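Observations on the three-dimensional arrangement
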Amino acid sequence: MAGGVYDGHTSNEVAQYLADNFIDVMLGADAIRTTDNEALIHGIAKKLDRDIAYDKLQGGSTAVVSFISSTTSFCKKDDAERNLSYVLHRRRETPITLKAIRISEDHKPDIESERDRVENAGAVVLAPSDPADTYRIVRSHTFAGGIAVSRTFGDFGYKDRRELPAEEQPVS
């Protein structure tokens, strides 16, 4: 069983592409198949991002995806700001009790490790002027607009440092 939630921004093109293709790519990922779920999902994400770039889709999308089989399960959150991901599982000692377990952390630009990656790639993290707002990533040559998430599919205006691998881009 597999499923996902895709939250598009700027345009719905990338979110719709992910909704139409993510599960098929994941289930047919023979070229990147591994017993390491983290490596598997990163390989799938890189392939999908390459496909999105090739198709020149506009905008970007965050994603929460999960996969459950008789032998393995995982849930990966690319980012979905203000959303928390939980897995419900049945405890053997009380079969009707479900327990929620937090399985992911947000990738926000104000988290030190995310800020370091963003700034090392030449972008800037701006603090909000209004405490109710959120931190934003902007390109160093412009302070207009920006993006409030640090991990997305698409958003290639923030992934244009050719000398850097995908995981070191301002938005990865």
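Structure: see above.
Residues numbered from 1 in each chain as written. Predicted model: local features only at pLDDT ≥ 70, side-chain atom pairs only at ≥ 80, totals over all residues. Heavy atoms only, no water.

**As for helix α1 (residues 13-27)**
Look at α1: 22 Å from first C-alpha to last across 15 residues, which is about the 21 Å you get at 1.5 Å a residue. The sharpest bend along α1 reaches about 45° and sits at Asn21. Looking only at α1, the buried set comprises Val14, Ala15, Tyr17, Leu18, Phe22, Val25 and Met26. (Helix = DSSP H or I, 4+ residues; strand = E, 2+ residues; numbered from the N terminus. Expected span 1.5 Å × (residues − 1). Bend = angle between axes of the 7 residues up to and from the residue. Buried < 20%, exposed > 50% of the residue type's maximum accessible area, 1.4 Å probe, protein only.)

**As for the nonpolar core**
In terms of nonpolar packing, the biggest core is built from 17 residues, with Tyr6, Leu18, Phe22, Ile44, Leu48, Ile52 and Phe153 touching the most fellow members. Tallying contributions element by element places α1 first for this core, with seven residues. Residues contacting Leu48, with those up to four places away along its chain left out, are Tyr17, Leu18, Asn21, Phe22, Val25 and Phe153. (Core = buried A, V, L, I, M, F, W, Y, C linked by side-chain atoms within 4.5 Å. Contact = heavy atoms within 4.5 Å.)

**Brief notes about the packing of aromatic side chains**
Per the stated rule, a full pass over the model turns up two aromatic pairs. Centre to centre, the rings of Tyr6 and Phe22 are 6.0 Å apart; their planes meet at 35°, and the pair counts as tilted. Taken as a pair, Tyr6 in strand β1 (residues 2-9) and Phe22 in helix α1 lie far apart in primary sequence, 16 residues in all. Of the residues examined, Tyr6 reaches a relative accessible area of 17% and is grouped as buried. On the basis of an interplanar angle of 90° and a centroid distance of 6.1 Å, the ring pair of Phe22 and Phe153 is categorised as edge-to-face. With Phe22 in helix α1 and Phe153 in strand β8 (residues 153-154), the pair connects residues that are 131 residues apart, well separated along the chain. (Phe/Tyr/Trp six-rings, centres within 6.5 Å; stacked < 30°, edge-to-face > 60°.)

**Here we look at the side chain of Arg117**
Within the fold, Arg117 resides in helix α3 (residues 112-120). A relative accessible area of 10% places Arg117 in the buried class. A distance of 3.1 Å separates a polar side-chain atom of Arg117 from the backbone oxygen of Pro170. (Polar contact = N/O pair within 3.5 Å; in protein donor to acceptor, adjacent residues only side chain to side chain.)

**Notes on the environment of Lys56**
Tracing the backbone shows Lys56 in the loop between α2 (37-54) and β2 (60-68). The exposure class of Lys56 is exposed, given its relative accessible area of 66%. Linking Lys56 and Gly154, residues 98 residues apart in sequence, is a C-alpha distance of 9.0 Å.

**As for the pattern of salt bridges**
All told, the structure shown has seven salt bridges when counted by the stated rule. Here the salt bridges do not stand alone but share partners, grouping Glu114, Arg117 and Arg151 into one network. (Salt bridge = Lys/Arg side-chain N within 4 Å of Asp/Glu carboxyl O.)

**Quick notes on α3**
When α3 is considered as a whole, its buried residues turn out to be Glu114, Arg117 and Val118. Mapping the buried residues of α3 onto a view down its axis gives an arc of 95°, with all of them on the same face. Seen from the open side of α3, the exposed residues pointing more than 90 degrees away from its buried face are Glu112 and Asn120. Looking at the buried positions of α3, the neighbouring elements they touch are β6 (123-126) and β7 (136-139). Phi for Gly122, located one or two positions after α3, is positive at around 95°. (Arc of directions from axis to C-beta.)

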